[in-house]
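Residue-level structure breakdown
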Amino acid sequence: MKNHIFQNYLKLLIPILLGIGMFFVPLLGNFHIESAILASFIGCFWAAIRACDENRSVSSDFFAALQVAGYLFLVGAPLLVHALLTGCFSVHGLGFWLLFPLPSVFFGYAIGRLLRMWGIPFRRILAIIILLTVGIGILLIEFFNFPQLYFFNHVWGGWPGPIYDEVVRIDSSTLFFRTLTLLWALFLWHIPILQRDRQSLVIVALSAIAIGFSYTQFAEMGIISPRPHLQEVLGGHKETRHFELFYDERFYSEAEVKLIAKEHEFYLDQISQKLNLSKPDSTHKIESYLYAHPWQKKELVGAKFTSYVPVWLDQDQLHIAKQQIDGSLKHELVHVLAKQFGNSIINASWSIGLVEGLAMAVENGSSATSTIDQIVVSQKSYPTARELQQAFSPTGFYGGRSGVNYFTSGSFVEYLLQHYPVSFFKEAYKTGSIAAAYPFGWKKLAEGWHQHLETVEVDSMDQKMAARIFAVPSLFEQECPHKISDFGLAWDHYHFYLASHDTMKALRSLDAALRVADSALAIQATWSYQNLLTGNYQKVQKVASSQDTTIELQLLYADAFAMTGERQRAETFVSQAQKLFTENPDSLLQPAIKTRLNRWQWQTYREMTYKNRLPDSAAFVKAYYRTKIRSLQKAVEREQWSTLKRYVRQLLNSPLNSRYFDNYLQLIHRLAFLNEEDLAQQWIKEVAKLPLRQRYQQRLQQERQWVKFLAQSR
């Protein structure tokens, strides 16, 4: 009797201890989707094998399946308690634990029960084969046929897509698919007793109808994302010599699409030349899916802030949101073209370090101010030969912080491309082995790279940029990797509505963000500016306080009162901004204060900023330089090209300022696209006279090549 009681306690204790042991496994130790997936997978197979027991009675089946689920929940109990105690609890984590294991357990049990009641021999082996087919086989079918990065599965629940930069949440697609899993369980559960139970006949019939209808709605409900469905949802289409662009026609103007199409061809030309690759012919065009914003991309293909290329598919394609095109297009096109020398299974390299390092090296990195090498040099010490070898192994890339890995691999690959034949790298890429492709071992390659890095000069700007990039913790280092604060949620909603052009909801989300923000002054500046843009001057006036300690806020308060003609109160806030500037000078804000000290300049700035009234030629000539730059930006946003060209010619008469380097490049880029080659060349010549950082020189050279490419393609 005592032995029986002990065994019962042991059955309860073991799953609890297993749950405690999961604390020490990265991600699986969280009460969220990763642990829910594992519980679903194990529970589904366990339930199926248990249901195959020939000594089990039909009347006990339901409770036997429920018991399996109960043991799984015991494993999750310590994870839940830990999440509550550490402040990492998420209602979505609880949702995944409810929606994943339970339906999977009943799905697996229903299959085993069916095989048992039909008297199928070797049913345990057959049940395992069936579940492996559903759990892995269907995954592989979807993986090699659809461009999506999310997956749903009856055995293990589902995967939401990239999770290292996104919040993982329960959505309508998850609810729909797990309901379908329960329908399958219900259908399979009642099939063996159709002949003796009239009620079962009704259940099977209704379940079959519901299942059949559900499969017709897979694309619409976000369970799969076939290319034709994506093309239909986006609506817009444009062809070039080597590309087919599919874009959301509600969010891209005709001019934007034409520019982006030219950029596709330009980067294709650059990458092909650098890597000695052939361009696709007219019958094998690259498909480029351009989404309205990251949230639409998340909904349709599972990747929010991650631009990506499904290299494993035969059809060349890339997926980018509108806000990510400038920083991602060339990088992603490298992945597309690298398929030509990838392995035969996934058309890429098994080494993620080589995959991402190549893209970083060819695009010259993602920092606007520092080169790849300068970022790496700013954060000594350099990786050793052994550490490099580990980083470029198939599993080594994602073991550390993404910023460190991307820039380190990019710098090393850039060194390989500059000092050795590109054919060596292509062989390494295909096989996943650098040591086998190069005539020297890791030690000599690492020494050569280190010697190269020692010749790289860095300054404080490089060091600050590197510190910021390398300080971002990896998903494995975060205490609560999937927990989002109330502020984070409101801030995300604000950016979503802003990208969706829903101003009213964006402002309401900003209101919510401001209420829960830790650093309220920074958020209040954004809140004030957005309300001024929409004409809510009195709303900003009501919260205006001379006690707020940022120059930016004081200037925005001044704008709010100036817009309603209350000049005296407006000047009070300008005076407060001057006082704050004296105490803590900020060279970036000095021109903003200067603008507000001149009545005419201030009025010109306000009308341009808050009323979208661009200055005429005479006013533009007299405007301060900062206002001129802002007017240029506004002309680009509104696609007033004749005004832009007039401004640009007039601006050439003023001395250039390195502070506005990014704006100058934008002008050169647009002018070349607008067939103003001579004007673009004039600007390149003037910008080149400035004392430019090395990264700025690289970027200016890119614009030279852009101008040349457009001239040759006409």
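As a reminder, the structure under discussion sits directly above these lines.
The sections below set out a description of the structure shown in this document. Since the model is a prediction, treat every value here as computed from it, not as a measurement.

Quick notes on the rules
- All residue numbers here refer to positions counted from 1 along the written sequence of the relevant chain.
- Local features in this predicted model are restricted to residues whose pLDDT is 70 or higher, and side-chain atom pairs enter the listing and the counts only when it is 80 or higher, whereas totals over whole chains, interfaces and linings include all residues.
- To get the side-chain values, take all heavy atoms of the structure and skip hydrogens and water.
- Working definition: rings of Phe, Tyr and Trp (its six-membered ring) pair if their centres are within 6.5 Å, and the pair is stacked with planes under 30 degrees apart, edge-to-face with planes over 60 apart, and tilted otherwise.
- The helix and strand labels rest on DSSP assignments: H or I over at least four residues marks a helix, E over at least two residues marks a strand, and numbering proceeds from the N terminus.
- Remark: exposure states derive from per-residue accessible area (1.4 Å probe, protein chains only) relative to the maximum for the residue type, with buried under 20%, exposed over 50%, and partly exposed in between.
- For a Lys NZ or an Arg CZ to count as sitting over a ring, it must be within 6 Å of the ring centre and within 35 degrees of the ring normal.
- Throughout, a disulfide means two cysteine sulfur atoms within 2.5 Å of one another.
- Should DSSP find at least two bridges between two strands, the strands are regarded as paired.
- Seen with its strands pointing away from the viewer, a crossover is right-handed when the path leading from the first strand over the helix to the second is clockwise.
- Lines fitted to C-alpha atoms define the axes, with helix axes restricted to the stretch in contact, and inter-axis angles between N-to-C directions lie between 0 and 180 degrees.
- Orientation is classified from the angle alone, with under 35 degrees giving roughly parallel, over 145 giving roughly antiparallel, 65 to 115 giving roughly perpendicular, and any other angle giving oblique.
- With the far helix as reference, a near helix turned anticlockwise by less than a right angle produces a left-handed crossing, and one turned clockwise produces a right-handed crossing.
- By definition in these notes, contact holds between two residues if any of their heavy atoms fall within 4.5 Å.
- Throughout this entry, Asp, Glu, Lys and Arg are counted as charged residues, while Ala, Val, Leu, Ile, Met, Phe, Trp, Tyr, Cys and Pro are counted as nonpolar. The remaining residues, Gly among them, count as polar.

Turning to the packing of aromatic side chains, a few remarks are in order. Summed over the entire model, instances satisfying the criterion amount to 44 aromatic pairs. Seen in terms of ring centroids, Trp-295 and Phe-496 are 5.8 Å apart; in terms of plane orientation they differ by 55°. Their pairing is tilted. Placement of Trp-295 in helix H11 (residues 294-301) and of Phe-496 in helix H21 (residues 486-499) is noted, with a sequence separation of 201 residues between them. Residue classification places Trp-295 among the buried positions, given a relative accessible area of 17%. Overall, the relative accessible area of 25% leaves Phe-496 in the partly exposed class. Taken together, the ring pairs in this structure connect Phe-62, Phe-63, Phe-106, Tyr-109 and Trp-189 into an aromatic cluster. Stacked on the ring of Tyr-252, the Lys or Arg Lys-322 has its end atom at 5.1 Å from the ring centre. A cation over an aromatic ring shows up here: Lys-622 above the ring of Trp-600, its NZ or CZ 4.6 Å from the ring centre.

Following the criterion strictly, the structure yields one disulfide and no others. A disulfide bridge connects Cys-88 with Cys-480, and the sulfur atoms are separated by 1.8 Å. On the sign convention where negative is left-handed, the bridge of Cys-88 and Cys-480, at about -60° about the S-S bond, is left-handed. Of this pair, Cys-88 sits in the loop between helix H3 (61-86) and helix H4 (91-99) while Cys-480 sits in the loop between helix H20 (460-470) and H21, and the two are 392 residues apart along the sequence. A disulfide-free cysteine, Cys-44 has its sulfur positioned 12 Å from the sulfur of Cys-52, the nearest such atom.

Counted residue by residue, strand E5 (residues 286-291) has six buried out of six residues, so it is predominantly covered. Burial of E5 is two-sided: the residues Ile-286, Ser-288 and Leu-290 facing one way and the residues Glu-287, Tyr-289 and Tyr-291 facing the other way are all buried. Pairing analysis gives five bridges linking strand E4 (residues 243-248) to E5, with the strands arranged parallel. Note that in E5 the partner of Leu-245 across the bridge is Ser-288. In this fold, E4 hands off to helix H10 (residues 254-275), which returns the chain to E5; that crossover is left-handed. Alignment of E5 against strand E6 (residues 317-321), held across five bridges, turns out to be parallel. The residue bridging Leu-290 from the neighbouring strand is Ile-320, located in E6. This β-α-β element, E5 to H11 to E6, shows right-handed connectivity.

Turning next to the packing of helix H12 (residues 325-338) against helix H13 (residues 352-363). In contact at an axis separation of 9 Å, H12 and H13 are set at 125° when each is read in the N-to-C sense. As far as their axial angle goes, H13 and H12 are oblique. Crossing of H12 against H13: the hand is right-handed. Packed against H12, whose contacting residues are Gly-327, Lys-330, His-331, Val-334, His-335 and Ala-338, the element H13 presents Val-355, Glu-356, Leu-358, Ala-359, Met-360, Val-362 and Glu-363 at the interface. The residue inventory of the contact of H12 with H13, partitioned by class, reads seven nonpolar, three polar and three charged.

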